[in-house]
Amino acid sequence: MASERMTGAEMVIRALVDQGVEVIFGYPGGAVLPIYDALFKQNKLRHVLVRQEGGAVHAAEGYARSTGKVGVVLVTSGPGATNAVTGLTDALMDSIPVVCLTGQVPTHLIGNDAFQECDTTGITRPCTKHNYLVKDVDDMAQTLHEAFHISRSGRPGPVVVDLPKDIQFAEGDYEMPAEIVHKTYKPRLKATNSEVETAVEMLAGAKRPIVYAGGGVINSGPRAHELLTRLVRTTGAPCTLTLMGLGALPASDPHFLGMLGMHGSYEANMAMHGCDVMLCVGARFDDRVTGRLDAFAPNAKKIHIDIDPSSINKNVLVDLPIIGDVAHVLEDILKVWDAKNITPDGGPRQEWWKQIDKWREKDSLNYQKSDTIIKPQYAIQRLYEMTQDRDTYITTEVGQHQMWAAQHFKFEEPKRWMTSGGLGTMGYGLPAAIGVQLAHPDATVVDIAGEASILMNIQEMATAAQYRLPVKIFILNNQYMGMVRQWQELLHGGRYSETYSDALPDFVKLADSFGAVGLRATKPDELDDLITEMLSVDKAVIADVCVDKTENCFPMIPSGAAHNEMLFGPGDSAEKPISESGMVLV
Amino acid sequence: MDTIERHTIAALVENEPGVLARVIGLFSGRGYNIESLTVAPVTPDESMSRISIVTSGTPMMIEQIKAQLNRLVPIASVHDLTADGPHVEREFALVKVVASGANRRESLRIADIFHAHVADTTIESFVFSLTGRRDKIESFVELMRALGDVEVARSGVVAIARGSKVL
């Protein structure tokens, strides 16, 4: 391919188009003016103007997670870049492919404390997978394409490309590299034969197996989800999913035990505790999942499939580490399993399922129903039932509502559930929903929110209004930062220090002021009408669902406890005081 | 299981701006120890550098350190010299000793025993240059401290595996 002469700013647009990018999320400023000018002169790329740069990154994350493509962000230098830091960290923790282009002061001013200068590559070094400062326009094409390659391959993550203004103006040669072969970055995708053989042997010999799968399955692509489903059905093993992994196995599959971990189901946690062989697929033994480490799955032989070697043996020592892409490895495991025509010993397996059914009888996600007050779990349950037949995508903020959504909303497919798992970023849900809606204009996109979280990025209502995005914000309003209050109740004698949501706006009027529709329900019998109306309006909606203020999220593994030491309700917590070592945990 | 081990790790990295900051940031951000760290370009075209790190931690931490280093994009390879087998470790030091009379003569005698060279001298001081394993340098410095005021500059450890295999 012949090279073409153009400015650095034009190269940015050209590279994005060559990468197949359709939408970018951004906010203009002095140091990116040349790029915005180049953007103005073309019509292949759509730019979505957010109202704060943090929103741009979350929107790009929502876009990326619901499509499997790389999300793209364009912000200015200084505050533009620093505002993006939370989103970048969020994308790093949840392994979301995002390329963030930041403006920078001209190269001769770098280091001089120029107006709107900050050390962007320095600040974003620990919160990106990789970052670049382009100091020569002739490096521009290669760097941009490399950034996309690094962001989407291996364990995906955010990549920052810092672009000094003089480089945007400078002219150079643009050529799309045929193939990116990086000198030092080469993720390993396939497992060795002996690893696969050993894994099959361990699974075949298991009496009480469990599959514990996470976001890696979703990141690996649709094939990984199909293969995981096939593996679970072929081996007959029960399967639990992490918060990030919901949708990796259809929730309706009888092998599915629900989410595991701190607010996971009783059967999932007990099965993790009691299993003899654990197959961890694209999950990372996070502290929210394992509970007390020395009591985690004490009798299990563990197999861990992950594309990132640093995820293996980080928190939990495993017996068989397998480094590779989930889809590749599962495919190989299934091939060997099929070739050997394995039928696991029926007796012990039946016993194991009998035991699991007993745990299931506990019905740990059950809650006290009410005719007079809306229970938050009930609101989610109705939302699920009433959106089941639609093309629905769910995003969330962070807190109790997020956990109730994870517990009570059922996902049959991957890429339908966007939530801030690792970083736990309040304010994630609304901009993420905007990104999802842009990628799927005809879908129903609901941000399940809390009244405190939603205020953290409420300015993005203006973005929704500008682009006529009919996102639905479903607020479970309990007038508290509920999860923090729940911990104050459990650990700090019910002293609700600063967790009351005082001086809340009238969400109905707030919606109205943004040109959206505001709805409110205060009683259970108003809920269905609210949801019906919310879904029927072709506009953004803020639904203020006033729920039980005192409800807490159960079941729960208190911090510092093991999988088999769950709390099931308010009465339960009083009997079992939380240990001092548990208290210091987050 | 929880014994603390000291490991010498060599990393071959792309010689580009920020790569050292990535490595150091990784260690401080994740709470790992750096006992010493040295870096210099090692290929004829200066495109690759070698970073030698002495670190300590539990075996699980050492494994994490290596995996985390490997995860950095500009890092080509990571080698645990301590785990991989016999290797040669050397450190270079410049040691200034301010002393007179018998102490001054004694410092020269000890320097001779340690095969240290005199790099600079005045009437009341010597600068010795010394190469060796870190414990040799430590005992030399300790002996010198008994004789007068001492200033020390150390290079940190560099190491390479024994045998004919080349990285």
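Residues numbered from 1 in each chain as written. Chains lettered and ligands numbered in written order. Predicted model: local features only at pLDDT ≥ 70, side-chain atom pairs only at ≥ 80, totals over all residues.

1. What about the overall build of chain A?
Assigned secondary structure in chain A consists of 24 helices and 20 strands. Its C-alpha atoms give chain A a radius of gyration of 24 Å, within 12% of the compact-globule value 25 Å for 586 residues. Along the first, second and third principal axes, the C-alpha set of chain A runs to 70 × 60 × 45 Å. By residue count, 55% of the 586 residues in chain A fall in the buried class. Partitioning the contacts of chain A with sequence separation of at least 6, the portion at a separation of at least 24 is 76%. (Helix = DSSP H or I, 4+ residues; strand = E, 2+ residues; numbered from the N terminus. Rg over C-alpha atoms; globule rule 2.2 N^0.38 Å. Buried ≥ 20, exposed ≤ 12 C-beta atoms within 10 Å, placed from the backbone. Contact = placed C-beta atoms within 7 Å.)

2. Brief notes about the overall build of chain B
When helices and strands are tallied, chain B shows five helices and eight strands. Counting from the amino terminus, helix and strand elements in chain B follow one another as β-α-β-β-α-β-α-β-α-β-β-α-β. The C-alpha extent of chain B, read off along each of the three principal axes, is 55 × 45 × 35 Å. For chain B, the residues scored as buried account for 28% of the 167 residues in total. Of the contacts formed within chain B by residues at least 6 apart in sequence, a portion of 73% connects residues at least 24 apart.

3. Notes on helix α3 (residues 53–67) of chain A
With 15 residues, α3 of chain A extends 21 Å between its outermost C-alpha atoms, agreeing within 8% with the 21 Å of an ideal straight helix rising 1.5 Å per residue. Backbone geometry just downstream of α3 of chain A places glycine 68 of chain A in the positive-phi region, at approximately 85°. (Expected span 1.5 Å × (residues − 1).)

4. A word on the domain arrangement of chain B
Residues and elements named next belong to chain B. Split by domain assignment, chain B resolves into domain 1 (5–84) and domain 2 (88–161). With centres defined by C-alpha atoms, the gap from domain 1 to domain 2 works out at 28 Å. Listed by partner, the interface residues are nine residues for domain 1 and seven residues for domain 2. Put simply, the parts of the chain that give the side of domain 1 that touches domain 2 at least two residues each are β1 (5–14), β2 (36–41), β3 (48–57) and α3 (81–84). (Domains from an automatic or database assignment.)

5. Section: the packing of α3 of chain A against helix α18 (residues 429–439) of chain A
Residue and element names in this part refer to chain A. At a closest axis distance of 6 Å, the pairing of α3 and α18 adopts a crossing angle of 45°. Comparing their axes, α18 and α3 come out oblique. Here α3 runs over α18; the crossing is right-handed. Contact residues: α3 offers Gly55, His58, Ala59, Ala60, Glu61, Gly62, Tyr63, Ser66 and Thr67, while α18 offers Pro431, Ala432, Ala433, Ile434, Gly435, Val436, Leu438 and Ala439. Here the contact of α3 with α18 is composed, by residue class, of ten nonpolar, six polar and one charged. (Axes fitted to C-alpha atoms, helices over the stretch in contact; angles between N-to-C directions. Parallel < 35°, antiparallel > 145°, perpendicular 65-115°, else oblique. Left-handed = near helix turned anticlockwise from the far one by under 90°. Nonpolar A, V, L, I, M, F, W, Y, C, P; charged D, E, K, R; others polar.)

6. Digging into the environment of methionine 270 of chain A
All names here are of chain A. For methionine 270, the position within the fold is in helix α12 (residues 266–274). C-alpha of methionine 270 to C-alpha of methionine 566: the two residues are 296 residues apart in sequence and 9.3 Å apart in space. Beyond its immediate chain neighbours, meaning those up to four positions away, methionine 270 contacts Trp359, His563 and Asn564.

7. Some remarks on the interface of chain B and chain A
Interface extent is often summarised as the accessible area lost during association of the parts. Contacts between the two partners involve 17 residues from chain B and, on the opposite side, 14 residues from chain A. Contributions of two or more residues to the side of chain B that touches chain A are made by α1 (19–29), α2 (59–71) and β4 (75–80) of chain B. With seven residues, the single largest contributor to the side of chain B that touches chain A is α2 of chain B. Looking at the side of chain B that touches chain A, its residues break down into seven nonpolar, six polar and four charged.

8. Some words on the sheet that holds strand β11 (residues 256–259) of chain A
Residues and elements named next belong to chain A. Pairing is parallel in the open sheet, where six strands are placed in the order β11-β10-β9-β12-β13-β14. Looking along the sheet, the strands with just one partner apiece sit at the ends: β11 and β14 (320–323). Direction aside, the axes of adjacent strands within the sheet are offset by 15° on average. Sheet topology note: the strand β9 (residues 209–213)/strand β10 (residues 239–241) ladder contains three bridges and is parallel. For valine 211, the partnering residue across the bridge sits in β10 and is cysteine 239. (Pairing = 2+ DSSP bridges.)

9. Details of the sheet that holds β2 of chain B
Residue and element names in this part refer to chain B. If you trace the four strands from one edge of the open sheet to the other, you get β2-β3-β1-β4, paired in antiparallel fashion. Each end of this open sheet is capped by a strand with a single partner; those strands are β2 and β4. Each strand axis lies, on average, 15° off the axis of its neighbour in the sheet, ignoring direction. With six bridges connecting them, β2 and β3 associate as antiparallel partners. Its bridge partner lying in β3, alanine 40 is registered against arginine 50. In the packing of α2 onto the sheet, contacts are made with β1, β3 and β4, and the angle to β4 comes to roughly 160°.

10. Description of the domain arrangement of chain A
All names here are of chain A. One can read the domain layout of chain A as domain 1 (4–174), domain 2 (193–361) and domain 3 (376–546). A C-alpha centroid distance of 37 Å is found between domain 1 and domain 2. Each partner contributes residues to the interface: domain 1 has six residues there, and domain 2 has six residues. Its residues placed into classes, the side of domain 1 that touches domain 2 shows one nonpolar, three polar and two charged.

11. Quick notes on the pairing of strand β20 (residues 541–546) of chain A
All names here are of chain A. Burial analysis of β20 places six of its six residues in the buried class, which makes it a mostly covered element. Of the two faces of β20, the one carrying Val541, Ala543 and Val545 and the one carrying Ile542, Asp544 and Cys546 are both buried. Two elements, strand β18 (residues 472–477) and β20, share six bridges in a ladder whose sense is parallel. The residue bridging isoleucine 475 from the neighbouring strand is aspartate 544, located in β20. Pairing geometry for strand β19 (residues 517–521) and β20, over five bridges, is parallel. Bridging from a neighbouring strand, arginine 520 pairs with aspartate 544 of β20. In this fold, the crossover linking β19 to β20 by way of helix α22 (residues 524–536) has right-handed handedness. (Right-handed = clockwise from strand over helix to strand, strands pointing away.)

12. A short note on the nonpolar core
By size, the foremost hydrophobic cluster in this structure holds 205 residues, and its most contacted members are Val73, Ala213, Leu228 and Val545 of chain A. When residues of this core are assigned to their parent elements, the largest contribution, seven residues, is made by α18 of chain A. Residues within four places of leucine 228 of chain A in sequence aside, it is in contact with Ala213, Val217, Ala248, Leu249, Val281 and Leu330 of chain A. In terms of nonpolar packing, the next biggest core, distinct from the first, is built from twelve residues, Ala99, Ala111, Phe128 and Leu130 of chain B among them. (Core = buried A, V, L, I, M, F, W, Y, C linked by C-beta atoms within 7 Å.)

13. Comments concerning the packing of α12 of chain A against helix α15 (residues 346–361) of chain A
Residue and element names in this part refer to chain A. Running from N to C, α12 and α15 point in directions that differ by 145°, and their axes come no closer than 8 Å. For the element pair α12 and α15, the recorded crossing hand is right-handed. Between α12 and α15, the contacting residues are Tyr266, Glu267, Met270 and Ala271 on the first element and Ile356, Trp359 and Arg360 on the second. Tallied by class, the residues present in the contact of α12 with α15 amount to five nonpolar, no polar and two charged.

14. Structural notes on the pairing of strand β12 (residues 277–281) of chain A
Residues and elements named next belong to chain A. Most of β12 sits inside the fold, with five of its five residues counted as buried. On β12, burial covers both faces: Val277, Leu279 and Val281 on one face and Met278 and Cys280 on the other are all buried. Where β9 lies against β12, five bridges are found, and the strand directions are parallel. Within β12, the position partnered with isoleucine 210 by the bridge is methionine 278. The sheet contact formed by β12 and strand β13 (residues 301–306) spans five bridges and is parallel. Looking at the pairing, valine 277 lines up with lysine 301 of β13.

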